[in-house]
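Spelled out from the first residue to the last, the chains are:
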Amino acid sequence: MRVIKIDKKDWESGVGKLSGDYSLYGPVKQGAFHNFAPLEKGQMPDLDYVNTRMSPKSVVYPQCETMFEYTLDENQPDHHVNKEIPKDYSPRAILGIRPCDVKAIDLVNINFDNPEYQDPWWVQRRAALTTVALACNNPCSTCFCTSAGTGPFDDSSADVLLADMGDYYLAKVMTEKGEALVGKAGFDQDGSAEAGAIDDAAKAAEAKITSKIETDKLGDKVTTELYDADFWEDVAFACINCGTCTYLCPTCWCFDIQDEVQGTDGCRMRNWDTCMSALFTKHGTGHNPRPNKTARVRQRFMHKLKYYVDKYENGIACVGCGRCVQQCPVNIDIRRVCDLMNRFEPGKECA
Ligand code: SF4
Ligand code: SF4
């Protein structure tokens, strides 16, 4: 790791030099919200944003993608053959991604790239990705990253971590990919003499995060007892199963596979799906093992805060970005649910 200094007056020209080597993504204002989007040539990421409505996971894991196509027309020589679709695995960089969202990409990687299964599309897109994270000097009131395994200046997943120091950025270059990117941008001013300022800014930012969750007892709970806890009806009461919480979450990875057929030609699509939808678990027989919203809400929280904890021993499947807290239309708050789960004792009602 090394620290470099980037004067803000040099930022735009440096980013401009990257566009020949990378497809660039960054936060841009879209209506009332910021979201990550491809940057046109000459377009700068808006680094004055606080957080985006949607997470940037679609850069690695598109909301809809074609897996393969086929024809059933027996007059065609390749009928009934699944044909691979050409995909874009060229280098891409996300400028201004938040540290929690980079951490989330590592977390989702556990699902898509592990010894038992390697998803070819995820693996190649992630390999093509360079992340330039922007540390949070002013976290939101709904952020609880410091108790969810990350933090506003977490540099453990990013290729480069930018800290905004006013007229300039201090950048921690963490990886070879990060070195390649800053080299192409022409950023090379030594900032090591000021490296301590990053630690000071990190402490100040962490002190602003007063929202915290406790997760220390989740792993000790008996799964079946937690599953049968009496608080699930209450937690789920107001939920309208809209799925907002899962679509905007950087760590939700569930998908559905559908065939789209026109005449004799078809393709197989992979689309993000949500455990909050009744159709997600509905069997072809009509049976649904999660037949009501209480079962679906419970699944969302049990997956993030119990099943994942037990399966991977890697903390919780949440990075504390606070998006679901902000955007749930009926104010269901994962921090409260985590507290109920962590304090749960069988036979004792949780308040
Ligand atoms: S955003 Fe809220 S209301 Fe919508 S599915 Fe999630 S918990 Fe339910
Ligand atoms: S569960 Fe909510 S707070 Fe946690 S990572 Fe997902 S959207 Fe962010």
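Residues numbered from 1 in each chain as written. Chains lettered and ligands numbered in written order. Predicted model: local features only at pLDDT ≥ 70, side-chain atom pairs only at ≥ 80, totals over all residues. Heavy atoms only, no water.

(A) View of the site of ligand 1. Around ligand 1, 13 residues are found, and the nearest of them are Cys239, Cys242, Gly243, Cys245 and Cys328. Classifying every residue of the shell around ligand 1 gives nine nonpolar, three polar and one charged. (Near = heavy atom within 4 Å. Nonpolar A, V, L, I, M, F, W, Y, C, P; charged D, E, K, R; others polar.)

(B) Looking closely at the environment of Val108. On the secondary structure map, Val108 appears in helix α2 (residues 99-112). By relative accessible area, Val108 is classed as buried at 3%. Setting aside its immediate chain neighbours within four residues, Val108 contacts Trp122, Pro250, Thr251 and Trp253. (Helix = DSSP H or I, 4+ residues; strand = E, 2+ residues; numbered from the N terminus. Buried < 20%, exposed > 50% of the residue type's maximum accessible area, 1.4 Å probe, protein only. Contact = heavy atoms within 4.5 Å.)

(C) Region of the structure containing unusual backbone geometry. One non-glycine residue with positive phi stands out, namely His80, at about 65°. For His80, the location among the structural elements is in the loop between β4 (64-71) and β5 (83-84). On the accessibility criterion, His80 (49% relative accessible area) is partly exposed. Of note, Asn241 is a non-glycine position whose phi angle comes to about 55°, a positive value. In this fold, Asn241 is placed in the loop between α7 (232-236) and α8 (244-247).

(D) Local environment of the environment of Val319. Inspection of the secondary structure puts Val319 in the loop between α9 (293-312) and α10 (323-327). C-alpha of Val319 to C-alpha of Ala104: the two residues are 215 residues apart in sequence and 6.4 Å apart in space. Not counting chain neighbours up to four residues away, the residues in contact with Val319 comprise Cys100, Lys103, Ala104, Leu107, Cys145, Ala148, Thr150, Pro250 and Thr251.

(E) View of the pairing of strand β6 (residues 92-97). Here β6 lies mainly inside the structure; six of its six residues are buried. Of the strand pairs in this sheet, strand β2 (residues 23-30) and β6 are connected by three bridges, and their pairing is parallel. Within the sheet, the bridge partner assigned to Leu24 lies in β6 and is Ala93. One ladder, built from five bridges, connects β6 with strand β9 (residues 129-134); its direction is parallel. Bridged to Ile97 within β9 is Ala133. (Pairing = 2+ DSSP bridges.)

(F) Examining the packing of helix α1 (residues 8-18) against helix α4 (residues 176-185) more closely. Between α1 and α4, the shortest axis-to-axis distance is 7 Å and the interhelical angle comes to 110°. Considering their axes alone, α1 and α4 lie roughly perpendicular with respect to each other. The hand of the α1/α4 crossing is right-handed. Contacts between α1 and α4 involve Gly14, Lys17 and Leu18 on the former and, on the latter, Leu181, Lys184 and Ala185. Residues that form the contact of α1 with α4 fall into these classes: three nonpolar, one polar and two charged. (Axes fitted to C-alpha atoms, helices over the stretch in contact; angles between N-to-C directions. Parallel < 35°, antiparallel > 145°, perpendicular 65-115°, else oblique. Left-handed = near helix turned anticlockwise from the far one by under 90°.)

(G) The arrangement of the nonpolar core in detail. Ile6, Trp11, Leu24, Phe153 and Leu162 are the most contacted members of the largest nonpolar core, which has 60 residues in total. Broken down by element, the residue count for this core peaks at seven residues, all from α2. Sequence-distant contacts of Leu24, defined by excluding residues within four places in its chain, comprise Val15, Leu18, Ser19, Ala37, Pro38, Leu39, Ala93 and Leu95. Judged by nonpolar contacts, the second largest core, of 32 residues, contains Ile213, Leu248, Val297 and Val309. (Core = buried A, V, L, I, M, F, W, Y, C linked by side-chain atoms within 4.5 Å.)

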